[in-house]
Amino acid sequence: MSRRYEFDDDSVVVVVGSGAGGGTVSNELAQKGVDVVCLEAGNRLSLADVVNDAAVMDGKMGWHDKRLGAPAWLCKTVGGTTMRWSGITPRFRDFEFRPRSTYAELHGTNLIDWPLTLEELSPYYDKAEAKMGISGTHGTPPSFETSNYKVLKAGGQRVGYQQITSERSAINSVTRDGRPACQQIGFCWSGCAVGAKWSTLYTEIPKAEMTDHFELRTGAMALKIRHDNNGKVRSVVYVDSGGVVHEQKARAVCVAGNVVETTRLLHNSNSNLFPEGLGNSTGHLGRNYMRHVMSLTLAIMPGEVNFHRGARQSGIILDEQRHDDSRGFAGGYIIETVADQPYNIAAMIGGWGKETADFLENYTRVAGCWITGEDPPEAHNRITFHATERDAYGLPVPVLEYSHHANSVAMRQHAAQQCETIYKSLGAKRVESRPDVGGGCHNMGVARMSERPADGVTNRWGRLHEMPNLFVSDGSLFPSSAAPNPTLTIVALAIRQAEHIADAMARREL
Amino acid sequence: MDQNRLTRRRFIISVIALSGAAGAVVEPGLFALSKAWAESPGRVDETVRRNMVRMARLLYPHDALSDGVYANVLEQTLSNIVSGDIFARQLEEANTALTERSAGAWQDLDLVAQIEAMKSIESETYFAAIQNSVRAGIYNGSAFWKHVGYPGPSKDFGGYLHHGAGEIDWLPENL
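The rules behind each value
- Every chain begins its residue count from 1, and numbering advances along the sequence as written.
- Each chain takes a letter, starting from A, and each ligand takes a number, starting from 1, following the order in which they are written.
- Selection of residues for local features in this predicted model requires a pLDDT of at least 70, selection of side-chain atom pairs for listing and counting requires 80 or more, and totals for whole chains, interfaces and linings are taken over all residues.
- Runs of E in the DSSP output that reach at least two residues are strands. Runs of H or I that reach at least four are helices, and both are numbered from the N terminus.
- Atoms counted for the radius of gyration: C-alpha only. Globule rule: 2.2 Å times residue count to the power 0.38.
- To assign burial, the other C-beta atoms lying within 10 Å of each residue's own C-beta are counted, with C-beta atoms placed from the backbone; 20 or more indicates buried, 12 or fewer indicates exposed, and intermediate counts indicate partly exposed.
- In this description, a residue-residue contact is defined by the distance between C-beta atoms placed from the backbone, which must lie within 7 Å.
- Pairing between two strands is assigned when DSSP locates at least 2 bridges connecting them.
- Whenever a helix is involved, its axis is fitted only over the stretch in contact; in every case the axis is a line through C-alpha atoms, and angles between N-to-C directions fall within 0 to 180 degrees.
- Here a nonpolar core is just a set of buried residues of the types Ala, Val, Leu, Ile, Met, Phe, Trp, Tyr and Cys, joined wherever their C-beta atoms sit within 7 Å.
- In this scheme, a helix's expected span is set at 1.5 Å multiplied by one less than its residue total.
- Confidence scores here are pLDDT values: one per residue, from the predictor, ranging 0 to 100.
- Any residue that is not Ala, Val, Leu, Ile, Met, Phe, Trp, Tyr, Cys, Pro, Asp, Glu, Lys or Arg is counted as polar, Gly included; the first ten are nonpolar and the last four charged.
- Each crossing gets its hand from how the near helix is turned against the far one by less than a right angle, where anticlockwise is left-handed and clockwise is right-handed.
- Any angle that is under 35 degrees is reported as roughly parallel, and any over 145 degrees as roughly antiparallel; angles of 65 to 115 degrees are reported as roughly perpendicular and all others as oblique.

Visitor: Describe the overall build of chain A, naming the residues involved and giving the relevant values.
Guide: Along the backbone of chain A there are eleven helices and 17 strands. The C-alpha radius of gyration computed for chain A amounts to 22 Å, which stays within 12% of the reference 24 Å derived for 510 residues, consistent with globular compactness. Projected onto the principal axes, the alpha-carbon positions of chain A cover approximately 70 × 50 × 45 Å. Expressed as a percentage of the 510 residues in chain A, the buried residues total 58%. Within chain A, contacts between residues at least 6 apart in sequence are counted, and of these 74% link residues at least 24 apart.

Dropping the structure here:
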């Protein structure tokens, strides 16, 4: 089914990574007849490999190579983090493309506006939603209302929220695109056992393979991107699972390894021409690393909720996705249902003794939500590399340096209060909020797009400002995090980028 | 820690298989566990064992769970080939520290004093190791799951779509 390409075939686009960005850009290019070789560091699972056990699935698909500093919850498997995500897919709002213009100057931050607008991205949001089967869009019904969502909705209505919806999920609400509707299994974060949740593993990748313009190489860890004397990329060096090093020639390269590996690959590809790494002549590579403001609220309700019965995340409140200075912070946030198994609830609540145990005694009466909110870019939040420590590939170990801005602290305090009010309005017996739970599952920035080369790493198409045929295709592109979960925007940008690349090739500009 | 959890799960599965009652939760009795510990010479002695089972309960106290459940959690971590010996030393360190902070035996203090002694060592590495072991063992364990009514994996019965998803009967009509 799948095409095989020669190592010295320099007509192919090499895509590094097979997740939301890499999987999508691969398939979109292949559909347009562009030949693609996709290098994925992990293995290819099948639906039969998915079991309802978080520890086992983390072993099968988590990224476990050594990293230091702030933890990031990433995947090394075909499909990348689309295997682990919850499928919540709100769009950015107009102001979120213009944070610098909207928020003015935020002390200590490095805010810029996006080099594109909502109007410009909207057609690609449409394409992404249609591709992924987002519930409540393009004729697809809203998602099933879980009991956890019903609690959030009722409490949200009591406190006066208007924009409460079980739409905007990339988990099939009906049988669609050869995949079943959600069976409410409830282990979304450990891979969807029936394939109802959109993952590139069983959508983009097999569709690309059907085109005869695509080859997936698994267990292929990219080590270095090589270029010629004019700064034009000519190949990607990678090591296969047997330890054999290969060099695949390329007409263009798209890097989509999620923020840590994207930074590392560009950094490690330094050369005489680019001594600080590719795309780093202005010093922005690896900087402005953003993770989303997160805050969790769990409440013991007056009756049974059984939030384990169904999708982990099944509905959202969008009223706070706005900029309003009177709240005491810039940017907005989105409230989203969240559910988890007893062990993770104990870990998230923290502590020990009677208080923690009593909370767990009430497990079936617990309702929960968390927020994702805009995290401003700061130059000192960055990915660097350890001076001496090396991982199993012999590569320098990444170090994730991250701290919270005062704006983020103010936002999550506001959010915790709002979420607590929602549950108290329904007579919650006990409410607990915890900051920064889930930090590191949304990773953005490090190779941001900018209008001016001096302000970022990539241009409005995600191409490196300083190289003609090297692209970044994942969340690393984001100049700001905005409030929404990032995947829909990553997919929309990847569709748009693939169109740009194919057009440029047709015009012989690439 | 993941490996400990896996080891424990395998243990539970094998106990269920041996008992011939699929789905039944078998709690090994204290006698059987004492025997198992006694058969691991040099691991931990009887006093340490007794105190640590008590500490495990005070970490995550659930009246419905027997001492055997807590003892089994510690035993599973001790039986880990990689980290078992380190864990045995950590239990001994905790026991020594608790004893040093008690006039007489820690076990004989009243509940408040026992907890106070535990709080005084909660920033220690060995305390965190024991806490992690007990938290994972109890809350990933079928005894607790059965007690609170959490069924665990749902894939095999087809998920909750036709098994109670969305059911809630106490929400107010008037919002």
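Visitor: Give a detailed account of the overall build of chain B, specifying residues and quantitative values.
Guide: In terms of helices and strands, chain B carries eight helices and zero strands. Counting from the amino terminus, helix and strand elements in chain B follow one another as α-α-α-α-α-α-α-α. Burial statistics for chain B: of 175 residues in total, 33% are counted as buried. For chain B, the share of sequence-separated contacts (at least 6 apart) that also reach a separation of at least 24 residues comes to 72%.

Visitor: Which residues make up the pairing of strand β6 (residues 221-227) of chain A, and what values go with them?
Guide: As judged from the six bridges shared by β6 of chain A and strand β7 (residues 233-239) of chain A, these two strands associate in the antiparallel manner. By the bridge assignment for β7 of chain A, M221 of chain A is matched with V239 of chain A.

Visitor: Break down the sheet that holds β6 of chain A for me, with residues and values.
Guide: All names here are of chain A. Taken in spatial order, the three strands of this open sheet run β6-β7-β8, and their pairing is antiparallel. A strand with exactly one partner marks an edge of an open sheet, and here the two such strands are β6 and β8 (245-249). Taken over all neighbouring pairs, the strand axes of this sheet differ in orientation by 25° on average, direction set aside. Sheet analysis places β7 next to β8, joined by five bridges and oriented antiparallel. The partner of V237 across the bridge, within β8, is E247.

Visitor: Can you explain the nonpolar core? Please cite residues and give values.
Guide: All names here are of chain A. Among the nonpolar cores identified, the biggest contains 179 residues, and V13, V14, V16, V36 and V253 are the most heavily contacted of them. For this core, the element with the highest residue contribution is helix α11 (residues 487-506), accounting for nine residues. Non-local contacts of V253, meaning those with residues more than four positions away in its chain, are made with V14, I225, V233, V236, N469, L470 and F471.

Visitor: Explain the environment of N27 of chain A to me, and be specific about the residues and the numbers.
Guide: Residue and element names in this part refer to chain A. Counting through the fold element by element, N27 comes out in helix α1 (residues 20-31). Taking the C-alpha atoms as reference points, N27 and G394, separated by 367 residues in sequence, lie 31 Å from one another. Apart from the residues lying within four places of it in its own chain, the contact partners of N27 are E204, K207 and A208.

Visitor: Break down helix α7 (residues 125-139) of chain B for me, with residues and values.
Guide: With 15 residues, α7 of chain B should reach 21 Å at 1.5 Å per residue; the first-to-last C-alpha distance of 21 Å fits that figure. When α7 of chain B is considered as a whole, its buried residues turn out to be F127, A129, I130, S133, V134, R135, A136, G137, I138 and Y139 of chain B.

Visitor: Talk me through the confidence of the model for chain B; I want residue IDs and the actual numbers.
Guide: Residues and elements named next belong to chain B. With 76% of its residues at a pLDDT of at least 70, chain B reaches an overall mean of 82. Summarising per-element confidence for chain B, the mean pLDDT is lowest in helix α1 (residues 2-19) (36) and highest in helix α8 (residues 142-148) (98). The model gives residues 1-32 a pLDDT under 50, and that stretch makes 45 contacts with residues more than four places away or in other chains. Interface confidence for the predicted complex, expressed as ipTM, amounts to 0.93; the pTM equals 0.93.

Visitor: Let's hear about the sheet that holds strand β11 (residues 316-317) of chain A: which residues, and what values?
Guide: Residues and elements named next belong to chain A. A sheet is described by the order of its strands in space; here six strands give the open sequence β4-β11-β12-β13-β10-β16, paired in antiparallel fashion. Edge positions in the open sheet fall to β4 (164-165) and β16 (430-435), since each of these has one partner strand only. This element, helix α8 (residues 342-349), spans β10 (293-300), β13 (366-373) and β16 of the sheet and lies at about 115° to β10.

Visitor: Lay out the pairing of β13 of chain A with the relevant residues and their values.
Guide: Residue and element names in this part refer to chain A. With eight of eight residues buried, β13 lies mostly within the body of the structure. Here β13 shows a buried face lined by V366, G368, W370 and T372 and a second buried face lined by A367, C369, I371 and G373. Here β10 runs beside β13; their pairing, made up of eight bridges, is antiparallel. Looking across to β13, one finds that M294 is bridged to T372.

Visitor: So what's going on with the interface of chain B and chain A? Residues and values would help.
Guide: The interface of chain B with chain A comprises 36 residues on the first partner and 40 residues on the second. Secondary structure elements with two or more residues in the side of chain B that touches chain A: α1, α3 (46-59), α7 and α8 of chain B. Residue contributions to the side of chain B that touches chain A peak at four residues, all from α7 of chain B. A class-by-class count of the residues in the side of chain B that touches chain A yields 21 nonpolar, nine polar and six charged.

Visitor: Lay out the packing of α1 of chain A against α11 of chain A in plain terms, naming residues and giving numbers.
Guide: Residues and elements named next belong to chain A. Between α1 and α11, the least distance of the axes is 8 Å, while the angle of their chain directions is 35°. The element α1 and its partner α11 pack so that their crossing is right-handed. Residues A20, G21, T24, V25, E28 and L29 of α1 touch α11, and the partners they reach there are T487, I490, V491, A494, I495, Q497, A498, I501 and A502. Across the contact of α1 with α11, the residue classes tally to ten nonpolar, four polar and one charged.

Visitor: Residue-level account of helix α5 (residues 147-158) of chain A, with values.
Guide: All names here are of chain A. In this model, α5 (twelve residues) spans 17 Å end to end at C-alpha, consistent with the 16 Å of a helix rising 1.5 Å per residue. Summarising burial for α5: ten of the twelve residues are buried, a large majority. Within the sequence span of α5, burial applies to S147, N148, Y149, K150, V151, L152, K153, A154, G155 and G156. For α5, the secondary structure elements touched by its buried residues are β4, β11, β12 (333-337), β13 and α10 (406-424). Immediately beyond the C-terminal end of α5, within one or two residues, lies G160, with a positive phi of roughly 95°.

Visitor: Lay out the packing of helix α5 (residues 84-100) of chain B against α7 of chain B with the relevant residues and their values.
Guide: All names here are of chain B. Closest axis-to-axis distance for the α5/α7 pair is 9 Å, and the angle between their directions is 115°. Here α5 is positioned roughly perpendicular relative to α7, judged by the angle of their axes. Here the hand of the crossing between α5 and α7 comes out left-handed. Here F87, Q90, L91, E93 and A94 of α5 lie close against α7, whose contacting residues are Y126, F127, A129, I130 and S133. Looking at the contact of α5 with α7 residue by residue, the classes come out as seven nonpolar, two polar and one charged.

Visitor: Quick one: what's the story with unusual backbone geometry, residue by residue and with numbers?
Guide: All names here are of chain A. Phi is positive for Q184, which is not a glycine, with a value near 60°. Note on placement: Q184 falls in the loop between β4 and α6 (204-209). With a phi close to 60°, D436 is a non-glycine residue in the positive phi region. Considering the arrangement of structural elements, one finds D436 in the loop between β16 and β17 (470-472). Taking the number of C-beta atoms within 10 Å as the measure of exposure, D436 has 17 and is therefore partly exposed.

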